[in-house]
Amino acid sequence: MTAPPLAYLINELTRLPGVGGKSAARLAYYILKRPAAEAEALANAILEVKSKIFRCSVCNNMTDVEPCAICSDARRDPAVICVVEEAFNIQTIEQTRDFKGVYHVLLGALSPLKGVGPQDIDVAGLLRRVRANEIREVIVATNPNVEGEATALYIAQQLHPLGVRTTRLAFGLPVGGDLEYADQVTMAKALEGRREI
Ligand SMILES: [Zn+2]
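Since the structure is predicted, the reported quantities are computational estimates derived from the model, not experimental observations.

Quick look at the overall build of the chain
In terms of regular secondary structure, the chain is built from 7 helices and 7 strands. Its helices and strands taken in sequence order, the chain reads α-α-α-β-β-β-α-β-α-β-α-β-α-β from the N to the C terminus. Taken over the C-alpha atoms alone, the chain extends approximately 65 × 35 × 35 Å along its principal axes. Taking the contacts inside the chain whose residues are at least 6 apart along the sequence as the reference set, 56% of them involve residues at least 24 apart. Taken as a whole, the chain presents about 11700 Å² of accessible surface, with 57% of it coming from carbon and sulfur. Positive and negative side-chain charges of the chain, numbering 22 and 23 respectively, have mean locations separated by a distance of 3 Å.

Set out below in C-alpha coordinates:
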(Lines give C-alpha, C1' and ligand atoms only; values in the text may rest on other atoms or scores of the structure.)
Protein backbone atom coordinates (compact mmCIF):
# COMPACT_ATOMS: atom_id res chain seq x y z
CA MET A 1 0.00 0.00 0.00
CA THR A 2 1.26 3.50 -0.84
CA ALA A 3 2.00 5.68 2.20
CA PRO A 4 -0.84 8.21 2.56
CA PRO A 5 1.31 11.39 2.10
CA LEU A 6 2.71 9.92 -1.12
CA ALA A 7 -0.73 8.83 -2.30
CA TYR A 8 -1.95 12.36 -1.60
CA LEU A 9 0.77 13.91 -3.82
CA ILE A 10 0.11 11.37 -6.59
CA ASN A 11 -3.59 12.14 -6.43
CA GLU A 12 -2.99 15.91 -6.63
CA LEU A 13 -0.67 15.44 -9.62
CA THR A 14 -3.28 13.41 -11.53
CA ARG A 15 -5.45 16.55 -11.56
CA LEU A 16 -2.97 18.16 -13.98
CA PRO A 17 -3.88 17.99 -17.68
CA GLY A 18 -2.21 15.13 -19.53
CA VAL A 19 -0.95 13.50 -16.32
CA GLY A 20 -2.29 9.99 -15.84
CA GLY A 21 -1.82 7.75 -12.81
CA LYS A 22 1.49 6.33 -14.01
CA SER A 23 3.07 9.70 -14.81
CA ALA A 24 1.80 11.10 -11.51
CA ALA A 25 3.46 8.26 -9.61
CA ARG A 26 6.70 8.70 -11.54
CA LEU A 27 6.73 12.46 -10.79
CA ALA A 28 5.90 11.93 -7.12
CA TYR A 29 8.70 9.39 -6.64
CA TYR A 30 11.07 11.71 -8.50
CA ILE A 31 10.20 14.66 -6.24
CA LEU A 32 10.70 12.40 -3.23
CA LYS A 33 14.23 11.53 -4.37
CA ARG A 34 15.30 15.15 -4.87
CA PRO A 35 16.66 17.45 -2.13
CA ALA A 36 14.09 19.18 0.07
CA ALA A 37 15.14 22.59 -1.31
CA GLU A 38 14.11 21.57 -4.81
CA ALA A 39 10.68 20.42 -3.69
CA GLU A 40 10.31 23.66 -1.77
CA ALA A 41 11.23 25.71 -4.85
CA LEU A 42 8.57 23.88 -6.87
CA ALA A 43 5.93 24.34 -4.19
CA ASN A 44 6.84 28.04 -3.86
CA ALA A 45 6.72 28.59 -7.63
CA ILE A 46 3.18 27.19 -7.67
CA LEU A 47 2.07 29.36 -4.74
CA GLU A 48 3.74 32.42 -6.23
CA VAL A 49 1.96 32.25 -9.61
CA LYS A 50 -1.31 31.93 -7.72
CA SER A 51 -0.64 35.01 -5.59
CA LYS A 52 1.18 37.26 -8.09
CA ILE A 53 -0.38 36.55 -11.48
CA PHE A 54 -3.69 38.04 -12.58
CA ARG A 55 -5.43 38.87 -15.85
CA CYS A 56 -4.53 42.01 -17.81
CA SER A 57 -7.59 44.27 -17.75
CA VAL A 58 -7.08 45.12 -21.44
CA CYS A 59 -6.38 41.77 -23.09
CA ASN A 60 -6.93 39.05 -20.41
CA ASN A 61 -3.31 37.88 -20.72
CA MET A 62 -1.73 36.47 -17.54
CA THR A 63 0.48 39.14 -16.00
CA ASP A 64 2.08 40.50 -12.85
CA VAL A 65 1.84 44.12 -14.04
CA GLU A 66 -1.18 46.11 -15.18
CA PRO A 67 -1.56 46.42 -18.13
CA CYS A 68 0.54 43.46 -19.26
CA ALA A 69 4.01 43.76 -20.81
CA ILE A 70 2.56 43.28 -24.33
CA CYS A 71 -0.21 45.87 -23.99
CA SER A 72 2.22 48.44 -22.55
CA ASP A 73 5.00 47.82 -25.11
CA ALA A 74 5.26 51.01 -27.21
CA ARG A 75 7.02 49.11 -30.03
CA ARG A 76 3.93 47.02 -30.65
CA ASP A 77 1.06 48.06 -32.92
CA PRO A 78 -2.15 48.42 -30.88
CA ALA A 79 -4.21 48.63 -34.08
CA VAL A 80 -3.77 44.93 -34.88
CA ILE A 81 -5.39 42.51 -32.43
CA CYS A 82 -4.74 38.77 -32.53
CA VAL A 83 -7.57 36.81 -30.86
CA VAL A 84 -6.67 33.58 -29.07
CA GLU A 85 -8.64 31.17 -26.90
CA GLU A 86 -6.27 30.90 -23.95
CA ALA A 87 -3.42 33.02 -22.56
CA PHE A 88 -0.88 30.24 -23.18
CA ASN A 89 -1.65 30.45 -26.92
CA ILE A 90 0.12 33.83 -26.91
CA GLN A 91 3.41 31.97 -26.36
CA THR A 92 2.89 29.98 -29.56
CA ILE A 93 2.38 33.09 -31.65
CA GLU A 94 5.13 35.05 -29.90
CA GLN A 95 7.69 32.35 -30.76
CA THR A 96 7.40 33.30 -34.45
CA ARG A 97 8.58 36.84 -33.60
CA ASP A 98 6.58 37.92 -36.70
CA PHE A 99 3.57 39.31 -34.92
CA LYS A 100 3.99 42.87 -33.72
CA GLY A 101 0.41 43.62 -32.73
CA VAL A 102 -1.43 43.00 -29.46
CA TYR A 103 -3.69 40.20 -28.23
CA HIS A 104 -7.15 39.49 -26.96
CA VAL A 105 -7.67 36.33 -24.92
CA LEU A 106 -11.22 34.96 -25.14
CA LEU A 107 -10.86 32.65 -22.14
CA GLY A 108 -12.41 29.74 -24.03
CA ALA A 109 -14.20 28.80 -27.24
CA LEU A 110 -17.85 28.40 -28.17
CA SER A 111 -19.08 24.87 -27.58
CA PRO A 112 -22.79 24.03 -27.67
CA LEU A 113 -21.92 20.51 -26.50
CA LYS A 114 -20.18 21.77 -23.37
CA GLY A 115 -22.76 24.52 -22.91
CA VAL A 116 -20.30 27.34 -23.64
CA GLY A 117 -22.14 30.24 -25.31
CA PRO A 118 -21.11 33.74 -26.42
CA GLN A 119 -21.74 35.09 -22.88
CA ASP A 120 -19.21 32.65 -21.42
CA ILE A 121 -16.23 33.90 -23.44
CA ASP A 122 -14.94 37.46 -23.69
CA VAL A 123 -16.16 38.52 -27.13
CA ALA A 124 -17.82 41.55 -25.52
CA GLY A 125 -14.41 42.80 -24.36
CA LEU A 126 -13.06 42.43 -27.89
CA LEU A 127 -15.98 44.37 -29.38
CA ARG A 128 -15.48 47.12 -26.77
CA ARG A 129 -11.82 47.42 -27.77
CA VAL A 130 -12.66 47.56 -31.48
CA ARG A 131 -15.34 50.23 -30.92
CA ALA A 132 -13.15 52.35 -28.65
CA ASN A 133 -9.93 52.28 -30.70
CA GLU A 134 -8.78 52.66 -34.29
CA ILE A 135 -8.32 48.96 -35.07
CA ARG A 136 -6.97 48.06 -38.52
CA GLU A 137 -7.23 44.30 -38.33
CA VAL A 138 -8.44 41.53 -36.07
CA ILE A 139 -6.65 38.23 -36.66
CA VAL A 140 -8.67 35.32 -35.32
CA ALA A 141 -6.25 32.65 -34.10
CA THR A 142 -8.66 30.26 -32.41
CA ASN A 143 -7.85 26.55 -32.63
CA PRO A 144 -8.34 24.73 -35.98
CA ASN A 145 -11.06 22.45 -34.57
CA VAL A 146 -14.88 22.55 -34.56
CA GLU A 147 -15.10 24.81 -31.53
CA GLY A 148 -12.36 27.15 -32.73
CA GLU A 149 -13.98 27.46 -36.17
CA ALA A 150 -17.42 28.16 -34.69
CA THR A 151 -15.86 30.82 -32.49
CA ALA A 152 -14.05 32.42 -35.43
CA LEU A 153 -17.29 32.53 -37.42
CA TYR A 154 -19.18 34.12 -34.54
CA ILE A 155 -16.48 36.75 -34.04
CA ALA A 156 -16.46 37.56 -37.76
CA GLN A 157 -20.25 38.03 -37.70
CA GLN A 158 -19.95 40.39 -34.74
CA LEU A 159 -17.10 42.39 -36.28
CA HIS A 160 -18.47 42.81 -39.82
CA PRO A 161 -20.94 45.58 -38.90
CA LEU A 162 -18.04 47.48 -37.33
CA GLY A 163 -16.21 47.49 -40.66
CA VAL A 164 -12.93 46.17 -39.30
CA ARG A 165 -10.81 43.83 -41.42
CA THR A 166 -11.12 40.35 -39.95
CA THR A 167 -8.76 37.53 -40.89
CA ARG A 168 -8.20 33.92 -39.91
CA LEU A 169 -4.90 32.06 -39.74
CA ALA A 170 -4.17 29.86 -42.77
CA PHE A 171 -4.18 26.31 -41.54
CA GLY A 172 -1.37 24.56 -42.52
CA LEU A 173 -1.91 23.78 -38.84
CA PRO A 174 -3.22 20.24 -38.39
CA VAL A 175 -7.02 20.41 -38.62
CA GLY A 176 -8.69 19.23 -35.43
CA GLY A 177 -5.50 20.06 -33.60
CA ASP A 178 -4.56 22.74 -31.16
CA LEU A 179 -2.60 25.90 -31.71
CA GLU A 180 -0.21 24.92 -28.95
CA TYR A 181 1.19 22.03 -31.00
CA ALA A 182 2.16 24.26 -33.93
CA ASP A 183 5.88 24.78 -34.32
CA GLN A 184 7.47 28.11 -35.09
CA VAL A 185 7.61 27.65 -38.87
CA THR A 186 4.01 26.40 -39.14
CA MET A 187 2.78 29.29 -37.05
CA ALA A 188 4.76 31.85 -39.06
CA LYS A 189 3.22 30.45 -42.29
CA ALA A 190 -0.26 30.42 -40.77
CA LEU A 191 0.14 34.06 -39.86
CA GLU A 192 1.59 35.07 -43.21
CA GLY A 193 -1.10 33.24 -45.22
CA ARG A 194 -4.05 34.55 -43.20
CA ARG A 195 -7.19 35.31 -45.17
CA GLU A 196 -10.32 37.40 -44.79
CA ILE A 197 -13.33 35.84 -43.08
ZN1 LIG B 1 -2.60 42.97 -21.93
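Remarks on the coordination of the zinc ion
Every protein donor of the zinc ion is accounted for by Cys56 (SG), Cys59 (SG), Cys68 (SG) and Cys71 (SG), and the metal-donor separations fall at 2.3 to 2.4 Å. Its 4 donor atoms give the zinc ion angles of 105 to 114° at the centre, a pattern that matches the tetrahedral case. In the primary sequence, the donor residues of the zinc ion line up as C-x2-C-x8-C-x2-C. Within this pair, whereas Cys56 is found in the loop between strand 1 (54-55) and strand 2 (62-63), its partner Cys68 is found in the loop between strand 2 and strand 3 (80-84), the two being separated by 12 residues in sequence.

Remarks on the side chain of Arg129
With respect to the helices, strands and loops of the structure, Arg129 is situated in helix 5 (residues 123-132). There is no salt bridge for the buried Arg129, and the closest opposite charge comes from Asp122, which lies 7.4 Å off by N-O distance. When sequence neighbours within four positions are dropped, the list of residues in contact with Arg129 reads Val58, Cys59, Ile81, Val102, Tyr103, His104 and Ile135.

Focus: the nonpolar core
Counting residues in each nonpolar core, the largest one holds 38 residues, and the members touching the most others are Val84, Ile93, Phe99, Val138, Ile155 and Leu169. Counting residues per element, the ones that place at least two in this core are strand 3, helix 4 (89-94), strand 4 (102-105), helix 5, strand 5 (137-140), helix 6 (146-159) and helix 7 (184-192). The dominant element in this core, judged by the number of residues it contributes, is strand 3, at 5 residues.

Re a nonpolar patch on the surface
On the surface, a cluster of nonpolar side chains totalling about 240 Å² of accessible area is made up of Val49, Ile53 and Met62. With respect to the helices and strands, the residue Val49 is situated in helix 3 (residues 36-52).

Some details on the pairing of strand 3
Of all 5 residues in strand 3, 5 are buried, a share of seventy percent or more. A two-sided burial pattern is seen for strand 3, the buried positions comprising Val80, Cys82 and Val84 on one face and Ile81 and Val83 on the other. Inspection of the sheet shows strand 3 paired to strand 5 by 4 bridges, in the parallel sense. Within the sheet, the bridge partner assigned to Ile81 lies in strand 5 and is Val138. Examined bridge by bridge, strand 3 and strand 4 share 4 bridges and lie parallel to one another. Paired with Ile81 across the strands is Val102, a residue of strand 4. Following the chain from strand 3 across helix 4 to the adjacent parallel strand 4, one finds a crossover that is right-handed.

Let's talk about the packing of helix 5 against helix 6
The contact between helix 5 and helix 6 brings their axes to 11 Å, and the two run at 35°. Here helix 5 and helix 6 pass one another in a crossing that is right-handed. Judged by residue contacts, Val123, Leu126, Leu127 and Val130 of helix 5 engage Tyr154, Ile155, Gln158 and Leu159 from helix 6. Each residue belonging to the contact of helix 5 with helix 6 can be placed in one class, and the counts come to 7 nonpolar, 1 polar and no charged.

Some thoughts on the sheet that holds strand 6 (residues 165-168)
As summarised here, the arrangement of the 5 strands in space is 4-3-5-6-7, forming an open sheet in which the pairing is mixed. A strand with exactly one partner marks an edge of an open sheet, and here the two such strands are strand 4 and strand 7 (195-196). For strand 5 and strand 6, the ladder comprises 4 bridges, and the chain directions are parallel. Looking across to strand 6, one finds that Val138 is bridged to Thr166. Here helix 6 sits on the sheet and contacts strand 3, strand 5 and strand 6; the angle it forms with strand 6, its principal contact strand, is near 170°.

Conventions we followed
- Residues numbered from 1 in each chain as written.
- Predicted model: local features only at pLDDT ≥ 70, side-chain atom pairs only at ≥ 80, totals over all residues.
- Heavy atoms only, no water.
- Helix = DSSP H or I, 4+ residues; strand = E, 2+ residues; numbered from the N terminus.
- Contact = heavy atoms within 4.5 Å.
- Areas by Shrake-Rupley, 256 points an atom, 1.4 Å probe, with all protein chains shown as cover.
- Lys, Arg positive; Asp, Glu negative; His and termini not counted.
- Charge placed at Lys NZ, Arg CZ, Asp CG, Glu CD.
- Donors = N, O, S within 2.8 Å, 3.2 Å for Na, K, Ca; no water.
- Tetrahedral: all angles 85-135°; square planar, octahedral: opposite > 155°, others 65-115°.
- Buried < 20%, exposed > 50% of the residue type's maximum accessible area, 1.4 Å probe, protein only.
- Salt bridge = Lys/Arg side-chain N within 4 Å of Asp/Glu carboxyl O.
- Core = buried A, V, L, I, M, F, W, Y, C linked by side-chain atoms within 4.5 Å.
- Patch = residues over 30% accessible without salt bridge, like charges linked within 9 Å, V, L, I, M, F, W, Y side chains within 5 Å.
- Pairing = 2+ DSSP bridges.
- Right-handed = clockwise from strand over helix to strand, strands pointing away.
- Axes fitted to C-alpha atoms, helices over the stretch in contact; angles between N-to-C directions.
- Left-handed = near helix turned anticlockwise from the far one by under 90°.
- Nonpolar A, V, L, I, M, F, W, Y, C, P; charged D, E, K, R; others polar.

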